[in-house]
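Fold and geometry: a report
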Amino acid sequence: MHADEEDVFDSVTWESASAPYDVDPRVHPTGPGFKQSTAGIEEPRGPHDPKWEGHLITMVKDPVKELAETKDAYVSYLVTANTNLPIFSSPNPSSRRRFTDFVFLRDHLVKDFPACVVPALPDKHRLEYITGDRFSPEFMERRRLDLHRFLQRIARHPTLQRSTLVRAFFESTEWHVFMHQHLAHPPGPEPTPGIIDNISDTLLNAFARVRKPDERFLHMRESVDKFEDGLVLSERLWNRIRGRTNGKLESGEDLTADYHDLAVAVQGLGFLESGITDPLNHFSNTLLEFSALLRHKTQTTTDPFLVHLHSLLTYSHANRAVLKLRDQKQLDFEELSDYLSGVTLERERLSAVISGHAGGTGLGLSAYLKDKVDAIRGADDDRSRVEKMRKLDLKIKELQDAVTTAHETSDAFSDETLREQTIFQYSKEAEMKEMLSNLADGEIEFYQSAMEEWERIIPIIQRIRVDV
């Protein structure tokens, strides 16, 4: 990339263009993409551009083992924030929460905001690259980082960051009371079972496809597929690199152990060659140091990169779930529309039979066979047909209302999904920049340290003189 090329991440910001503000310089922003001020930023240019009303900078730190000597022991984390959002009563709220509290927060954000991309939590028992139990310092630190990233993603979302659930998560001193109240009185009206619930569950199945797909969402799904394919391939390659650099001894693929064994062999050679014992010992120490650098790079750079990579993949899965739910809303509308058409045709058929024009209705063989079946069952008299038409009229009215509601819901969900895709792109670009920057910094630090070690030993090796 040329030095004068524009940085594609410069446009990433989490603040509202309509509400410029300056962040307290003492608070470190949560990752790249967070600009210190929105002054001079252009107003959103379209109806699907997200709008932020302020900032929410979150931190998860200080894991503590609670009830340590009991069977009910658990780990609590200090969650803090810096914000200028009006929904918060304090600019610097903080509280202690355990993992199950994060689970409650995530589950109910998904229920309360079905059209929003709510990030997934880390797997409760995902222990790759970690030694020790769930109370070990290494595990608690890895879990802290995962929860910190989870709250970062929520804080970057212009809708989720302003929810009463998020506010209570940071501020409430009676969190358990709030949870019970939230369960008893969820926000928004309770959904009442109607014709959509009764019909769509019967008509729809997991294999149904949208008949009139929107090109915009097809393109989004293709982009998500490509992005996830790239993440999966990267994760597979870096796992292979990690295995060969710092793998298991029984596998025979452990470069750090190979350098360590070579150092021991060189040290043994120094005892045999009395004239060059000191230079060989220096060389052995350099090999040991290089082996330690490789192991340190794995622990501080490769492992965090792999964890972040997998976390980004699960985040993308949450985005895919929203796209799938949007398709389901459109499918509800299409299936209800077809059902309405079928009921309307049935009503027209009965009307034609009563008026004596059944042969000219053009309703086909199925209608003819239905007439014959009704005749056999003794249900072909005009009185029963009139009663059936009355019921069909009521059903048609109900279906028309349901179709109108489904259409409005589908359109509204599509609009919200378009906004969600823009928000996800912002967050994805910021995280990719953060993740790759950390990887690059770790690799640069490793190679600089390695060069220093080898540059110190090269003159010592060059001073060795062998008499022939």
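The following paragraphs examine the structure supplied in this document. All residue numbers refer to positions counted from 1 along the written sequence of the respective chain. Given that this is a predicted model, residues contribute local features only at a pLDDT of at least 70 and side-chain atom pairs are listed and counted only at 80 or more, while totals for whole chains, interfaces and linings are drawn from all residues. Side-chain figures throughout are based on the complete set of non-hydrogen atoms in the structure, without hydrogens or water.

**Quick word on helix α8 (residues 277–355)**
Numbered from the N terminus, helices here are DSSP runs of H or I no shorter than four residues, and strands are runs of E no shorter than two. To estimate how far a helix should extend, the number of its residues minus one is multiplied by 1.5 Å. Over its 79 residues, α8 extends 114 Å from the first C-alpha to the last, a length consistent with the 117 Å expected when each residue adds 1.5 Å. Note on bend: the value at a residue is the angle between axes fitted to the seven residues ending there and to the seven starting there. The sharpest bend along α8 measures roughly 40° and falls at Thr298.

**A look at the sheet that holds strand β2 (residues 74–83)**
Read from one edge of the open sheet, three strands run β1-β2-β3, paired in antiparallel fashion. Both outer strands of the open sheet, β1 (56–66) and β3 (94–98), are each paired with one neighbouring strand and no more. With direction set aside, neighbouring strand axes in the sheet form an average angle of 25°. Here, a strand pair is defined by DSSP locating no fewer than two bridges between the strands. Where β2 meets β3, five bridges bridge the pair, whose relative direction is antiparallel. Bridge assignment links Tyr77 to a residue of β3, and that residue is Arg97. Residues count as neighbours in contact if any of their non-hydrogen atoms are within 4.5 Å of one another. The convention used is that axes are lines fitted to C-alpha atoms, helices contributing only their stretch in contact, and that angles between N-to-C directions extend from 0 to 180 degrees. Strands in contact with helix α1 (residues 99–112) are β1, β2 and β3; relative to β3, the strand with the most contacts, it is inclined by about 100°. On top of the sheet, helix α3 (residues 164–171) reaches β1, β2 and β3; it is set at about 95° to β3, its chief contact.

**Concerning empty space enclosed by the protein**
Cavity and pocket criteria rest on a 1 Å grid covering protein atoms alone: a 1.4 Å probe that fits but cannot get out defines a cavity, protein on both sides within 12 Å along at least 5 of 7 lines defines an open pocket, and an atom within 4 Å of a point defines a lining residue. Grid points are joined across faces, edges and corners, and a volume is the space filled by probe spheres set on the points. Overall, the coordinates contain two cavities of 30 Å³ or more when judged by the stated rule. By volume, the second largest cavity is sized at about 40 Å³. Forming the walls of the second largest cavity are Arg142, Leu145, Asp146, Arg149, Pro304 and Val307. Sorting the residues of the lining of the second largest cavity by element identifies α2 (137–155) and α8 as the ones contributing at least two each. With four residues, the top contributor of residues to the lining of the second largest cavity is α2. Classifying every residue of the lining of the second largest cavity gives three nonpolar, no polar and three charged. Each residue is assigned to one of three groups, with Ala, Val, Leu, Ile, Met, Phe, Trp, Tyr, Cys and Pro labelled nonpolar, Asp, Glu, Lys and Arg labelled charged, and all others, Gly among them, labelled polar.

**Things to note about the pattern of salt bridges**
Put simply, a salt bridge is a Lys or Arg side-chain nitrogen that is within 4 Å of an Asp or Glu carboxyl oxygen. Evaluation of the coordinates by the stated rule reveals 24 salt bridges. Notably, a salt bridge pairs Asp338 with Arg211, separated by 2.4 Å at the nearest N-O pair. With Asp338 in helix α8 and Arg211 in the loop between α5 (195–203) and α6 (215–246), the pair connects residues that are 127 residues apart, well separated along the chain. Summary of the burial criterion: residues with accessible area below 20% of their type's maximum are buried, those above 50% are exposed, and those between are partly exposed, where the area comes from a 1.4 Å probe applied to protein chains only. Relative accessible area serves as the criterion here: at 39%, Asp338 is assigned to the partly exposed category. The exposure class of Arg211 is partly exposed, given its relative accessible area of 45%. Put simply, Arg419 and Glu416 hold a salt bridge, and the shortest N to O gap is 3.0 Å.

**Considerations on the packing of α2 against α8**
Direction vectors running N to C along α2 and α8 enclose 40°, while the axes themselves pass 11 Å from each other. As far as their axial angle goes, α8 and α2 are oblique. Where α2 crosses over α8, the handedness of that crossing is right-handed. The residues of α8 that touch α2, namely those facing Arg142, Asp146, Arg149 and Arg153, are Asp303, Val307, His308, Ser311, Leu312 and Tyr315. Looking at the contact of α2 with α8 residue by residue, the classes come out as three nonpolar, two polar and five charged. Small angles under 35 degrees read as roughly parallel and large ones over 145 as roughly antiparallel, with 65 to 115 read as roughly perpendicular and the rest as oblique. By the definition used in this description, the sense in which the near helix is turned from the far one sets the handedness, with an anticlockwise turn below a right angle giving left-handed and a clockwise turn giving right-handed.

**Concerning α2**
Spanning 19 residues, α2 covers 26 Å between terminal C-alpha atoms, matching the ideal 27 Å at 1.5 Å per step. The buried count for α2 comes to 15 of 19 residues, which makes it a mostly enclosed element.

**Digging into the packing of helix α7 (residues 255–272) against α8**
Between two packed helices, both the angle of their axes relative to each other and the distance between the axes serve to describe the pair. Where α7 contacts α8, the axes come no closer than 8 Å and their chain directions differ by 170°. On the basis of their axis angle, the class for α7 and α8 is roughly antiparallel. Facing Leu255, Thr256, Ala257, Tyr259, His260, Leu262, Ala263, Val264, Val266, Gln267, Leu269 and Gly270 of α7, the residues of α8 in contact are Thr277, Leu280, Asn281, Phe283, Ser284, Leu287, Leu288, Phe290, Ser291, Leu294 and Arg295. Residues belonging to the contact of α7 with α8 are distributed by class as follows: 14 nonpolar, eight polar and one charged.

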